[in-house]
Amino acid sequence: MPGYNLAEKPWLTARPVNGGPPVTLGIAAALARAHELEGLVVEFSTQLPAVLRQVLLPVVADATDAPRTLREKGERFTQGMFTPAEVGSLEAYLDKHRAKFDLFDPVAPFAQVAGLRTAKDETKGSAALVATAASGNNVPLFANRTDADPLDLTPAQAAHWLVHAHCWDTAAIKTGVVGDPQVKAGKTTGNPTGPLGQLGVIIPTGRTLYETLLLNVPVTPPGRLGSPQWLRGPHGPEWKPRAAEGLLDLWTWQGRRVRLIPHQNEAGELKVARVVISAGDRLTPMSELEPHTAWTYTAPAKKTAMALPERRPRRHTQGKAAWRGLDALLAPTRQSSEGFETSILLDEASALQETGSLDASYQLQVETFGMVYGTQSAIVEDVIHDTIPLPLLALHQDSEAHQLVLDVAEQAERLAKAVNNLSADLRRAAGTDPIPWDKGQRPGELLLHTLDPLVRRLLAGARAAGSNEEVLEKGRMAWEEVAHRHARDAANTLLLAAPAATFAGRTLDQPGKAGKTLSYRLGTAGANFRAQLNEILPRYADAMREAAAARNTENGPALDAESDPGADFDH
(Lines give C-alpha, C1' and ligand atoms only; values in the text may rest on other atoms or scores of the structure.)
Protein backbone atom coordinates (compact mmCIF):
# COMPACT_ATOMS: atom_id res chain seq x y z
CA MET A 1 0.00 0.00 0.00
CA PRO A 2 1.53 3.38 -0.96
CA GLY A 3 2.25 5.91 1.77
CA TYR A 4 0.92 9.41 2.21
CA ASN A 5 3.42 11.78 3.78
CA LEU A 6 1.84 14.87 5.33
CA ALA A 7 5.09 16.82 5.17
CA GLU A 8 4.98 16.93 1.36
CA LYS A 9 1.55 15.74 0.16
CA PRO A 10 -0.98 18.55 -0.46
CA TRP A 11 -3.54 18.22 2.34
CA LEU A 12 -3.65 21.71 3.92
CA THR A 13 -5.85 24.21 2.09
CA ALA A 14 -5.17 27.92 2.56
CA ARG A 15 -6.31 31.30 1.20
CA PRO A 16 -3.63 33.45 -0.47
CA VAL A 17 -3.22 36.92 1.06
CA ASN A 18 -3.66 38.69 -2.28
CA GLY A 19 -6.82 36.81 -3.21
CA GLY A 20 -7.29 34.15 -5.84
CA PRO A 21 -8.38 30.55 -5.43
CA PRO A 22 -7.30 28.55 -2.35
CA VAL A 23 -4.12 26.51 -2.63
CA THR A 24 -3.47 23.06 -1.19
CA LEU A 25 -0.03 22.34 0.28
CA GLY A 26 1.95 19.98 2.46
CA ILE A 27 3.35 21.01 5.84
CA ALA A 28 6.74 22.10 4.47
CA ALA A 29 5.31 24.29 1.70
CA ALA A 30 2.60 25.78 3.94
CA LEU A 31 5.17 26.89 6.51
CA ALA A 32 7.64 28.21 3.92
CA ARG A 33 4.84 30.27 2.36
CA ALA A 34 3.08 31.14 5.64
CA HIS A 35 3.57 34.90 5.04
CA GLU A 36 1.79 34.58 1.67
CA LEU A 37 -1.25 32.81 3.11
CA GLU A 38 -4.15 34.45 4.90
CA GLY A 39 -5.24 31.38 6.85
CA LEU A 40 -6.30 27.75 6.67
CA VAL A 41 -9.54 26.58 5.08
CA VAL A 42 -11.10 23.54 6.79
CA GLU A 43 -14.17 21.44 6.11
CA PHE A 44 -15.44 21.70 9.69
CA SER A 45 -14.68 24.63 11.99
CA THR A 46 -13.27 22.66 14.93
CA GLN A 47 -10.66 21.09 12.65
CA LEU A 48 -8.76 24.39 12.68
CA PRO A 49 -7.50 24.29 16.29
CA ALA A 50 -6.86 20.55 15.87
CA VAL A 51 -4.59 21.05 12.84
CA LEU A 52 -2.79 23.97 14.50
CA ARG A 53 -2.17 22.14 17.78
CA GLN A 54 -1.55 18.62 16.52
CA VAL A 55 0.63 19.58 13.54
CA LEU A 56 1.71 23.12 12.63
CA LEU A 57 2.40 24.74 16.01
CA PRO A 58 4.46 21.85 17.42
CA VAL A 59 6.48 21.56 14.18
CA VAL A 60 7.29 25.29 14.33
CA ALA A 61 8.09 25.26 18.06
CA ASP A 62 10.19 22.09 17.92
CA ALA A 63 12.10 23.00 14.75
CA THR A 64 12.78 26.67 15.50
CA ASP A 65 12.23 26.71 19.30
CA ALA A 66 9.48 28.66 21.02
CA PRO A 67 10.40 32.27 21.84
CA ARG A 68 12.11 32.38 25.22
CA THR A 69 11.30 36.00 25.97
CA LEU A 70 8.63 38.48 24.97
CA ARG A 71 11.30 40.54 23.24
CA GLU A 72 12.29 37.55 21.08
CA LYS A 73 8.64 36.93 20.21
CA GLY A 74 8.26 40.58 19.17
CA GLU A 75 11.37 40.44 16.98
CA ARG A 76 10.08 37.33 15.22
CA PHE A 77 6.70 38.95 14.71
CA THR A 78 8.10 42.08 13.11
CA GLN A 79 10.03 39.89 10.63
CA GLY A 80 6.70 39.10 9.01
CA MET A 81 7.94 35.74 7.72
CA PHE A 82 10.22 32.86 8.55
CA THR A 83 13.82 33.84 7.81
CA PRO A 84 15.83 31.72 5.34
CA ALA A 85 17.60 30.16 8.33
CA GLU A 86 14.27 29.29 9.96
CA VAL A 87 12.90 27.85 6.71
CA GLY A 88 16.07 25.77 6.52
CA SER A 89 15.52 24.54 10.09
CA LEU A 90 11.91 23.62 9.29
CA GLU A 91 12.91 21.75 6.13
CA ALA A 92 15.74 19.94 7.93
CA TYR A 93 13.38 18.97 10.78
CA LEU A 94 10.73 17.58 8.44
CA ASP A 95 13.36 15.76 6.39
CA LYS A 96 14.94 14.22 9.51
CA HIS A 97 11.58 13.01 10.83
CA ARG A 98 9.99 12.40 7.44
CA ALA A 99 8.82 8.85 8.24
CA LYS A 100 6.99 10.14 11.33
CA PHE A 101 4.58 12.10 9.14
CA ASP A 102 3.52 9.18 6.91
CA LEU A 103 -0.18 8.61 7.45
CA PHE A 104 0.12 4.94 6.44
CA ASP A 105 3.60 4.00 7.67
CA PRO A 106 3.56 0.28 8.58
CA VAL A 107 5.60 0.79 11.79
CA ALA A 108 4.68 4.22 13.15
CA PRO A 109 1.82 5.83 11.19
CA PHE A 110 1.26 9.49 12.05
CA ALA A 111 -0.83 9.90 15.26
CA GLN A 112 -1.83 6.22 15.15
CA VAL A 113 -0.96 2.78 16.47
CA ALA A 114 0.30 0.31 13.89
CA GLY A 115 -1.58 -3.01 13.92
CA LEU A 116 -4.25 -1.78 16.35
CA ARG A 117 -7.01 -4.40 16.35
CA THR A 118 -9.84 -5.86 18.37
CA ALA A 119 -9.94 -9.47 19.54
CA LYS A 120 -12.31 -10.32 16.69
CA ASP A 121 -10.57 -8.07 14.14
CA GLU A 122 -13.65 -5.86 13.94
CA THR A 123 -13.44 -2.43 12.36
CA LYS A 124 -15.75 0.57 12.12
CA GLY A 125 -16.71 2.73 9.21
CA SER A 126 -14.67 5.91 8.84
CA ALA A 127 -17.80 7.84 9.92
CA ALA A 128 -16.73 7.01 13.48
CA LEU A 129 -14.05 9.71 13.04
CA VAL A 130 -16.37 12.29 11.53
CA ALA A 131 -18.25 14.47 14.01
CA THR A 132 -20.90 15.40 11.43
CA ALA A 133 -21.61 11.88 10.20
CA ALA A 134 -24.14 9.37 11.49
CA SER A 135 -22.30 6.74 13.52
CA GLY A 136 -23.77 4.53 16.23
CA ASN A 137 -25.74 6.74 18.64
CA ASN A 138 -24.27 9.92 17.15
CA VAL A 139 -26.92 10.79 14.54
CA PRO A 140 -26.85 14.48 13.57
CA LEU A 141 -30.15 16.19 12.85
CA PHE A 142 -31.14 15.92 9.18
CA ALA A 143 -28.29 13.49 8.46
CA ASN A 144 -28.49 12.39 4.81
CA ARG A 145 -26.77 9.07 5.39
CA THR A 146 -26.88 6.19 7.87
CA ASP A 147 -24.18 4.30 9.74
CA ALA A 148 -24.44 1.54 7.12
CA ASP A 149 -23.53 3.84 4.22
CA PRO A 150 -19.84 3.64 3.29
CA LEU A 151 -17.88 6.86 3.72
CA ASP A 152 -14.72 6.92 1.63
CA LEU A 153 -12.36 9.59 2.94
CA THR A 154 -9.43 10.89 0.95
CA PRO A 155 -6.11 10.75 2.85
CA ALA A 156 -6.32 14.54 3.30
CA GLN A 157 -9.81 14.27 4.82
CA ALA A 158 -8.75 11.33 6.97
CA ALA A 159 -5.77 13.31 8.32
CA HIS A 160 -8.03 16.21 9.32
CA TRP A 161 -10.54 13.96 11.07
CA LEU A 162 -7.76 11.94 12.72
CA VAL A 163 -6.32 14.95 14.55
CA HIS A 164 -9.87 16.17 15.21
CA ALA A 165 -10.66 12.90 17.03
CA HIS A 166 -7.61 13.27 19.27
CA CYS A 167 -8.83 16.73 20.27
CA TRP A 168 -12.65 16.53 20.28
CA ASP A 169 -13.83 12.90 20.29
CA THR A 170 -16.94 12.00 22.27
CA ALA A 171 -16.72 10.28 25.65
CA ALA A 172 -18.26 7.12 27.13
CA ILE A 173 -17.61 3.55 25.98
CA LYS A 174 -14.80 2.79 23.51
CA THR A 175 -13.91 -0.43 21.75
CA GLY A 176 -11.43 -2.65 23.59
CA VAL A 177 -8.31 -3.68 21.67
CA VAL A 178 -5.72 -6.41 21.95
CA GLY A 179 -2.83 -5.36 24.21
CA ASP A 180 -4.82 -2.97 26.36
CA PRO A 181 -4.71 -4.40 29.92
CA GLN A 182 -7.63 -2.22 31.04
CA VAL A 183 -10.18 -3.75 28.65
CA LYS A 184 -13.16 -5.34 30.34
CA ALA A 185 -15.74 -7.36 28.40
CA GLY A 186 -14.33 -6.06 25.13
CA LYS A 187 -14.60 -2.36 25.97
CA THR A 188 -13.25 0.48 28.07
CA THR A 189 -15.52 2.76 30.09
CA GLY A 190 -15.18 6.15 31.75
CA ASN A 191 -13.46 7.72 28.76
CA PRO A 192 -13.53 11.54 28.82
CA THR A 193 -14.00 13.67 25.76
CA GLY A 194 -10.94 14.81 23.87
CA PRO A 195 -9.04 17.53 25.78
CA LEU A 196 -10.34 20.42 23.64
CA GLY A 197 -13.89 19.28 24.35
CA GLN A 198 -13.29 20.33 27.96
CA LEU A 199 -12.28 23.89 27.04
CA GLY A 200 -13.66 27.04 25.54
CA VAL A 201 -10.96 27.24 22.88
CA ILE A 202 -9.60 30.70 21.97
CA ILE A 203 -7.40 31.14 18.89
CA PRO A 204 -5.97 34.62 18.18
CA THR A 205 -5.48 35.10 14.44
CA GLY A 206 -3.44 37.64 12.49
CA ARG A 207 -3.30 38.94 8.95
CA THR A 208 -1.29 35.97 7.67
CA LEU A 209 -0.77 32.35 8.61
CA TYR A 210 2.74 33.31 9.78
CA GLU A 211 1.33 35.89 12.20
CA THR A 212 -1.30 33.45 13.43
CA LEU A 213 1.38 30.87 14.16
CA LEU A 214 3.46 33.39 16.11
CA LEU A 215 0.43 34.64 18.03
CA ASN A 216 -0.31 31.05 19.12
CA VAL A 217 3.18 30.05 20.30
CA PRO A 218 3.54 31.32 23.88
CA VAL A 219 6.83 32.40 25.41
CA THR A 220 8.17 29.12 26.79
CA PRO A 221 11.49 28.24 28.48
CA PRO A 222 13.20 25.25 26.80
CA GLY A 223 12.69 23.08 29.87
CA ARG A 224 8.90 23.39 29.60
CA LEU A 225 8.64 22.67 25.87
CA GLY A 226 8.83 18.85 25.98
CA SER A 227 8.46 16.64 22.90
CA PRO A 228 5.63 16.12 20.38
CA GLN A 229 3.93 12.73 20.09
CA TRP A 230 5.90 11.71 16.99
CA LEU A 231 9.17 11.85 18.96
CA ARG A 232 7.87 10.03 22.03
CA GLY A 233 8.30 6.62 20.40
CA PRO A 234 5.65 4.48 18.69
CA HIS A 235 2.50 4.22 20.79
CA GLY A 236 1.02 0.89 21.69
CA PRO A 237 -2.59 0.04 22.48
CA GLU A 238 -2.10 0.61 26.22
CA TRP A 239 -2.96 3.98 27.75
CA LYS A 240 -2.98 5.68 31.14
CA PRO A 241 -4.13 8.81 32.94
CA ARG A 242 -1.19 11.20 33.16
CA ALA A 243 -0.15 14.83 33.18
CA ALA A 244 1.21 16.54 30.07
CA GLU A 245 5.00 16.56 29.96
CA GLY A 246 5.54 19.95 28.39
CA LEU A 247 3.71 22.16 25.92
CA LEU A 248 4.38 19.99 22.85
CA ASP A 249 3.06 16.89 24.59
CA LEU A 250 -0.09 18.84 25.50
CA TRP A 251 -0.61 20.09 21.94
CA THR A 252 -0.13 16.65 20.38
CA TRP A 253 -2.06 14.75 23.06
CA GLN A 254 -3.16 11.32 21.91
CA GLY A 255 -6.68 11.30 23.29
CA ARG A 256 -7.46 8.10 21.39
CA ARG A 257 -5.64 5.11 19.93
CA VAL A 258 -6.50 5.02 16.22
CA ARG A 259 -5.64 3.04 13.10
CA LEU A 260 -6.70 4.17 9.64
CA ILE A 261 -7.21 1.30 7.22
CA PRO A 262 -6.50 2.46 3.65
CA HIS A 263 -7.55 0.82 0.41
CA GLN A 264 -7.35 1.60 -3.28
CA ASN A 265 -10.61 1.97 -5.17
CA GLU A 266 -11.21 0.84 -8.73
CA ALA A 267 -9.65 4.03 -10.07
CA GLY A 268 -6.48 3.35 -8.07
CA GLU A 269 -7.19 6.22 -5.65
CA LEU A 270 -6.14 5.87 -2.02
CA LYS A 271 -9.14 6.00 0.35
CA VAL A 272 -9.96 5.36 4.01
CA ALA A 273 -13.28 3.64 4.67
CA ARG A 274 -12.54 1.59 7.80
CA VAL A 275 -10.92 2.53 11.12
CA VAL A 276 -10.20 1.17 14.60
CA ILE A 277 -10.70 3.62 17.49
CA SER A 278 -10.06 2.81 21.15
CA ALA A 279 -9.30 4.55 24.43
CA GLY A 280 -6.35 6.91 24.63
CA ASP A 281 -4.42 8.81 27.27
CA ARG A 282 -6.46 10.76 29.80
CA LEU A 283 -5.21 14.23 30.63
CA THR A 284 -5.13 14.39 34.43
CA PRO A 285 -5.10 17.04 35.75
CA MET A 286 -5.86 19.90 33.32
CA SER A 287 -2.50 21.35 32.35
CA GLU A 288 -1.43 24.72 33.76
CA LEU A 289 0.43 25.20 30.46
CA GLU A 290 -2.81 25.36 28.43
CA PRO A 291 -2.62 28.57 26.36
CA HIS A 292 -5.82 28.26 24.31
CA THR A 293 -8.49 28.98 26.91
CA ALA A 294 -9.64 31.59 29.41
CA TRP A 295 -10.06 30.57 33.04
CA THR A 296 -12.70 30.90 35.73
CA TYR A 297 -11.89 31.22 39.42
CA THR A 298 -14.50 29.73 41.74
CA ALA A 299 -14.77 29.36 45.48
CA PRO A 300 -12.89 26.28 46.76
CA ALA A 301 -14.98 23.18 47.42
CA LYS A 302 -13.50 22.92 50.90
CA LYS A 303 -13.60 26.30 52.61
CA THR A 304 -10.67 26.56 54.96
CA ALA A 305 -8.46 29.46 55.98
CA MET A 306 -5.74 28.36 53.54
CA ALA A 307 -7.96 27.30 50.64
CA LEU A 308 -7.43 29.17 47.37
CA PRO A 309 -9.98 29.75 44.59
CA GLU A 310 -10.14 26.90 42.07
CA ARG A 311 -8.93 27.69 38.53
CA ARG A 312 -10.89 25.96 35.80
CA PRO A 313 -11.12 26.35 32.00
CA ARG A 314 -13.96 28.63 30.99
CA ARG A 315 -16.23 27.04 28.39
CA HIS A 316 -18.21 28.98 25.82
CA THR A 317 -21.99 29.16 26.14
CA GLN A 318 -24.13 27.62 23.44
CA GLY A 319 -26.11 30.22 21.50
CA LYS A 320 -24.10 33.21 22.73
CA ALA A 321 -21.90 35.33 20.47
CA ALA A 322 -18.24 35.59 21.48
CA TRP A 323 -18.58 39.29 22.32
CA ARG A 324 -21.00 38.35 25.10
CA GLY A 325 -18.02 36.80 26.91
CA LEU A 326 -15.73 39.82 26.68
CA ASP A 327 -15.50 40.05 30.46
CA ALA A 328 -13.44 36.83 30.39
CA LEU A 329 -11.47 37.63 27.22
CA LEU A 330 -10.37 41.00 28.64
CA ALA A 331 -9.74 39.91 32.23
CA PRO A 332 -6.17 40.23 33.54
CA THR A 333 -4.00 37.14 33.89
CA ARG A 334 -2.64 35.87 37.20
CA GLN A 335 -5.89 36.36 39.09
CA SER A 336 -5.88 35.56 42.78
CA SER A 337 -9.58 35.83 43.64
CA GLU A 338 -12.90 34.78 42.19
CA GLY A 339 -13.40 36.00 38.63
CA PHE A 340 -11.84 35.39 35.21
CA GLU A 341 -8.39 35.17 33.70
CA THR A 342 -7.80 35.62 29.99
CA SER A 343 -5.75 33.38 27.73
CA ILE A 344 -1.99 33.81 28.10
CA LEU A 345 -1.84 34.29 24.32
CA LEU A 346 -4.09 37.36 24.47
CA ASP A 347 -2.08 38.66 27.39
CA GLU A 348 1.12 38.32 25.34
CA ALA A 349 -0.53 40.05 22.36
CA SER A 350 -1.33 42.96 24.66
CA ALA A 351 2.28 43.03 25.88
CA LEU A 352 3.56 43.03 22.27
CA GLN A 353 1.49 46.15 21.65
CA GLU A 354 2.97 47.83 24.73
CA THR A 355 6.51 47.12 23.55
CA GLY A 356 5.78 48.42 20.03
CA SER A 357 5.91 45.11 18.17
CA LEU A 358 2.21 45.45 17.36
CA ASP A 359 0.48 48.68 16.42
CA ALA A 360 -2.50 49.75 18.55
CA SER A 361 -4.72 49.40 15.48
CA TYR A 362 -3.39 45.93 14.55
CA GLN A 363 -6.14 43.80 12.96
CA LEU A 364 -6.33 41.12 15.62
CA GLN A 365 -9.15 38.60 15.32
CA VAL A 366 -10.20 36.12 17.98
CA GLU A 367 -11.81 32.83 16.96
CA THR A 368 -13.67 30.81 19.57
CA PHE A 369 -14.47 27.11 19.35
CA GLY A 370 -16.39 24.67 21.51
CA MET A 371 -18.25 21.40 21.34
CA VAL A 372 -21.61 20.73 22.97
CA TYR A 373 -22.04 17.08 23.93
CA GLY A 374 -25.19 15.26 24.98
CA THR A 375 -26.22 11.98 26.69
CA GLN A 376 -23.21 11.58 29.00
CA SER A 377 -21.01 13.34 26.41
CA ALA A 378 -21.42 10.36 24.06
CA ILE A 379 -22.89 12.35 21.15
CA VAL A 380 -22.23 15.71 19.52
CA GLU A 381 -25.23 18.02 19.85
CA ASP A 382 -23.80 21.29 18.60
CA VAL A 383 -20.60 23.06 17.63
CA ILE A 384 -19.70 26.56 18.80
CA HIS A 385 -17.65 28.79 16.51
CA ASP A 386 -17.41 32.55 16.28
CA THR A 387 -14.95 35.22 15.15
CA ILE A 388 -14.77 38.76 16.47
CA PRO A 389 -12.40 41.69 15.88
CA LEU A 390 -10.61 42.58 19.13
CA PRO A 391 -8.99 45.96 19.81
CA LEU A 392 -5.56 45.34 21.30
CA LEU A 393 -5.93 48.32 23.61
CA ALA A 394 -9.06 46.74 25.07
CA LEU A 395 -6.73 44.24 26.74
CA HIS A 396 -5.28 47.07 28.86
CA GLN A 397 -7.36 47.50 32.00
CA ASP A 398 -6.96 51.29 32.17
CA SER A 399 -7.67 52.11 28.52
CA GLU A 400 -10.69 53.87 27.08
CA ALA A 401 -11.11 51.03 24.56
CA HIS A 402 -11.29 48.48 27.39
CA GLN A 403 -14.08 50.35 29.13
CA LEU A 404 -15.89 51.02 25.86
CA VAL A 405 -16.16 47.41 24.70
CA LEU A 406 -17.13 46.13 28.16
CA ASP A 407 -19.77 48.86 28.49
CA VAL A 408 -21.23 48.07 25.07
CA ALA A 409 -21.44 44.34 25.81
CA GLU A 410 -23.09 45.05 29.15
CA GLN A 411 -25.51 47.57 27.65
CA ALA A 412 -26.62 45.05 25.02
CA GLU A 413 -27.34 42.47 27.73
CA ARG A 414 -29.23 45.03 29.84
CA LEU A 415 -31.30 46.15 26.85
CA ALA A 416 -32.31 42.55 26.22
CA LYS A 417 -33.25 42.18 29.88
CA ALA A 418 -35.30 45.41 29.74
CA VAL A 419 -37.24 44.12 26.71
CA ASN A 420 -37.82 40.81 28.51
CA ASN A 421 -39.06 42.70 31.57
CA LEU A 422 -41.46 44.69 29.38
CA SER A 423 -42.75 41.45 27.86
CA ALA A 424 -43.23 39.94 31.33
CA ASP A 425 -45.10 43.02 32.59
CA LEU A 426 -47.41 43.03 29.56
CA ARG A 427 -48.14 39.33 29.94
CA ARG A 428 -48.97 39.81 33.63
CA ALA A 429 -51.22 42.75 32.71
CA ALA A 430 -53.04 40.48 30.24
CA GLY A 431 -53.51 37.76 32.87
CA THR A 432 -50.82 35.28 31.71
CA ASP A 433 -47.44 34.25 33.09
CA PRO A 434 -44.10 35.54 31.73
CA ILE A 435 -42.16 33.36 29.28
CA PRO A 436 -39.84 31.08 31.34
CA TRP A 437 -36.15 31.92 30.89
CA ASP A 438 -35.35 28.40 29.70
CA LYS A 439 -38.34 27.83 27.42
CA GLY A 440 -39.47 29.45 24.21
CA GLN A 441 -37.81 32.43 22.59
CA ARG A 442 -37.94 35.59 24.63
CA PRO A 443 -37.98 38.94 22.77
CA GLY A 444 -34.72 40.03 24.38
CA GLU A 445 -32.87 37.31 22.46
CA LEU A 446 -34.28 38.68 19.21
CA LEU A 447 -33.00 42.12 20.16
CA LEU A 448 -29.52 40.70 20.84
CA HIS A 449 -29.61 39.12 17.39
CA THR A 450 -30.42 42.53 15.91
CA LEU A 451 -27.65 44.23 17.91
CA ASP A 452 -25.04 41.59 17.05
CA PRO A 453 -23.75 43.16 13.78
CA LEU A 454 -23.71 46.58 15.45
CA VAL A 455 -21.47 45.34 18.27
CA ARG A 456 -19.12 43.69 15.79
CA ARG A 457 -18.97 46.89 13.77
CA LEU A 458 -18.13 48.86 16.91
CA LEU A 459 -15.38 46.38 17.86
CA ALA A 460 -13.85 46.72 14.38
CA GLY A 461 -14.11 50.51 14.61
CA ALA A 462 -12.52 50.58 18.06
CA ARG A 463 -9.71 48.38 16.77
CA ALA A 464 -9.04 50.76 13.87
CA ALA A 465 -9.24 53.82 16.15
CA GLY A 466 -6.41 52.59 18.33
CA SER A 467 -5.77 55.15 21.07
CA ASN A 468 -7.79 57.98 19.47
CA GLU A 469 -10.21 58.72 22.33
CA GLU A 470 -12.20 61.25 20.31
CA VAL A 471 -13.04 58.62 17.69
CA LEU A 472 -13.87 56.10 20.44
CA GLU A 473 -16.28 58.55 22.06
CA LYS A 474 -17.99 59.21 18.71
CA GLY A 475 -18.33 55.45 18.26
CA ARG A 476 -19.86 55.12 21.71
CA MET A 477 -22.44 57.84 20.97
CA ALA A 478 -23.28 56.30 17.58
CA TRP A 479 -23.74 52.91 19.24
CA GLU A 480 -26.09 54.32 21.90
CA GLU A 481 -28.19 56.11 19.28
CA VAL A 482 -28.66 53.03 17.09
CA ALA A 483 -29.08 50.66 20.06
CA HIS A 484 -31.72 53.02 21.48
CA ARG A 485 -33.64 52.92 18.21
CA HIS A 486 -33.54 49.13 17.92
CA ALA A 487 -34.60 48.65 21.56
CA ARG A 488 -37.44 51.11 21.03
CA ASP A 489 -38.56 49.21 17.93
CA ALA A 490 -38.51 45.91 19.84
CA ALA A 491 -40.61 47.45 22.60
CA ASN A 492 -43.09 48.99 20.15
CA THR A 493 -43.64 45.55 18.60
CA LEU A 494 -44.66 44.23 22.02
CA LEU A 495 -46.82 47.25 22.88
CA LEU A 496 -48.70 47.21 19.60
CA ALA A 497 -49.42 43.50 19.98
CA ALA A 498 -50.70 43.88 23.54
CA PRO A 499 -54.42 43.01 23.93
CA ALA A 500 -56.94 45.63 25.02
CA ALA A 501 -57.10 44.11 28.51
CA THR A 502 -53.61 45.43 29.28
CA PHE A 503 -54.88 49.03 29.33
CA ALA A 504 -56.79 48.33 32.53
CA GLY A 505 -54.32 45.66 33.63
CA ARG A 506 -54.58 43.80 36.89
CA THR A 507 -53.25 43.88 40.44
CA LEU A 508 -51.29 40.98 41.94
CA ASP A 509 -50.04 40.15 45.41
CA GLN A 510 -46.31 40.60 45.88
CA PRO A 511 -44.65 37.22 46.58
CA GLY A 512 -43.58 36.96 50.20
CA LYS A 513 -45.08 40.33 51.19
CA ALA A 514 -48.44 39.92 52.83
CA GLY A 515 -50.93 42.68 52.10
CA LYS A 516 -48.76 44.34 49.43
CA THR A 517 -49.71 44.37 45.78
CA LEU A 518 -48.31 45.42 42.41
CA SER A 519 -50.31 46.82 39.50
CA TYR A 520 -49.49 45.79 35.94
CA ARG A 521 -50.87 47.71 32.97
CA LEU A 522 -49.70 48.91 29.59
CA GLY A 523 -49.01 52.48 30.65
CA THR A 524 -46.79 51.63 33.61
CA ALA A 525 -45.01 48.89 31.64
CA GLY A 526 -44.11 51.39 28.90
CA ALA A 527 -43.02 54.03 31.41
CA ASN A 528 -40.82 51.55 33.26
CA PHE A 529 -39.18 50.47 30.02
CA ARG A 530 -38.52 54.08 29.02
CA ALA A 531 -36.84 54.73 32.37
CA GLN A 532 -34.67 51.62 31.97
CA LEU A 533 -33.77 52.57 28.41
CA ASN A 534 -32.57 56.04 29.41
CA GLU A 535 -30.62 54.59 32.35
CA ILE A 536 -28.87 51.96 30.18
CA LEU A 537 -27.96 54.43 27.39
CA PRO A 538 -27.28 57.65 29.34
CA ARG A 539 -25.21 59.53 26.76
CA TYR A 540 -27.88 59.37 24.10
CA ALA A 541 -30.63 60.18 26.61
CA ASP A 542 -28.70 63.23 27.82
CA ALA A 543 -28.05 64.37 24.25
CA MET A 544 -31.75 64.12 23.41
CA ARG A 545 -32.71 66.07 26.53
CA GLU A 546 -30.21 68.79 25.66
CA ALA A 547 -31.53 68.96 22.09
CA ALA A 548 -35.09 69.14 23.40
CA ALA A 549 -34.15 71.92 25.83
CA ALA A 550 -32.53 73.88 23.01
CA ARG A 551 -35.63 73.51 20.83
CA ASN A 552 -37.88 74.50 23.72
CA THR A 553 -35.84 77.66 24.24
CA GLU A 554 -36.24 78.51 20.56
CA ASN A 555 -39.82 77.47 19.93
CA GLY A 556 -41.53 77.43 23.30
CA PRO A 557 -42.29 74.61 25.73
CA ALA A 558 -43.93 72.15 23.29
CA LEU A 559 -42.22 68.73 23.29
CA ASP A 560 -42.69 66.37 20.39
CA ALA A 561 -42.06 62.64 20.21
CA GLU A 562 -38.81 63.13 18.32
CA SER A 563 -37.21 65.07 21.18
CA ASP A 564 -37.86 62.66 24.02
CA PRO A 565 -36.22 59.23 23.91
CA GLY A 566 -38.91 56.70 24.63
CA ALA A 567 -41.85 59.04 24.02
CA ASP A 568 -43.30 56.37 21.77
CA PHE A 569 -44.47 54.55 24.91
CA ASP A 570 -46.95 57.24 26.01
CA HIS A 571 -50.05 55.36 24.84
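Reference entry: report on the structure contained in this document.

The rules behind these values
For every chain, the first residue of the written sequence is number 1, and numbering continues from 1 onward in sequence order. Restriction of local features to residues with pLDDT of at least 70 applies here, the model being predicted, together with a cutoff of 80 or more for giving and counting side-chain atom pairs; totals for whole chains, interfaces and linings are based on all residues. With hydrogens and water stripped out, all remaining heavy atoms of the structure feed into the side-chain values. Only DSSP runs of H or I covering at least 4 residues are called helices, and only runs of E covering at least 2 are called strands; the numbering of each starts at the N terminus. We call a residue buried when its accessible area falls under 20% of the maximum for its residue type, exposed when it is over 50%, and partly exposed in between, using a 1.4 Å probe and counting protein chains only. Residue contacts follow a heavy-atom distance rule, with two residues in contact if any of their heavy atoms lie within 4.5 Å. Lys and Arg are tallied as positive, Asp and Glu as negative. Neither His nor the chain termini are counted. Here the site of a charge means atom NZ of a Lys, CZ of an Arg, CG of an Asp or CD of a Glu. Each residue after the first adds 1.5 Å to the expected span of a helix. Read the arc as the range of directions from the helix axis to the C-beta atoms. A pair of strands is considered paired only if DSSP assigns at least 2 bridges between the two. Fitted lines through C-alpha atoms serve as axes, helices being fitted only where they are in contact, and the angles separating the N-to-C directions of these axes extend from 0 to 180 degrees.

## Looking at the overall build of the chain
Of the regular secondary structure elements, the chain holds 15 helices and 18 strands. Dimensions of the chain, computed from the C-alpha atoms along their principal axes, are close to 90 × 60 × 55 Å. The buried share among the 571 residues of the chain stands at 50%. Taking contacts inside the chain between residues at least 6 apart in sequence as the whole, the part at least 24 apart equals 69%. Of the side chains in the chain, 59 bear a positive and 67 a negative charge, and the two mean positions are spaced by 6 Å.

## Re helix α14 (residues 522-536)
Along its 15 residues, α14 runs 21 Å from first to last C-alpha, staying within 8% of the 21 Å computed at 1.5 Å per residue. Listed in full, the buried residues belonging to α14 are Leu522, Ala525, Gly526, Phe529, Leu533, Asn534 and Ile536. All buried residues of α14 lie within an arc of 165° about the axis, which places them on one face of the element. Contacts made by the buried residues of α14 are with α10 (400-429), α12 (469-497), α13 (501-504) and α15 (538-555).

## Let's talk about the sheet that holds strand β15 (residues 365-374)
Pairing is antiparallel in the open sheet, where three strands are placed in the order β7-β15-β16. Both outer strands of the open sheet, β7 (201-205) and β16 (379-389), are each paired with one neighbouring strand and no more. The sheet shows a mean angle of 15° between the axes of neighbouring strands, taken without regard to direction. The sheet contacts of helix α5 (residues 155-168) involve β7 and β15, and relative to β15 the element is tilted by about 70°.

## Some words on the environment of Val276
Mapped onto the elements, Val276 comes out in strand β10 (residues 270-279). Judged by relative accessible area, Val276 falls into the buried class, the value being 3%. Contact partners of Val276, with chain neighbours within four places excluded, come to Leu116, Glu122, Thr123, Val177, Arg257, Val258, Arg259 and Ile261.

## A word on the environment of Pro228
As for its placement among the helices and strands, Pro228 is situated in the loop between α6 (209-215) and β8 (241-242). Taking C-alpha positions, Pro228 is 16 Å from Pro291, a pair spaced 63 residues apart along the chain.

## What to know about the pairing of strand β9 (residues 256-264)
Across nine bridges, β9 lies against β10 in antiparallel orientation. Pairing of Leu260 across the sheet is with Val275, part of β10. The hairpin formed by β9 and β10 contains five residues between the paired strands, and Gly268 there has a positive phi angle of roughly 80°.

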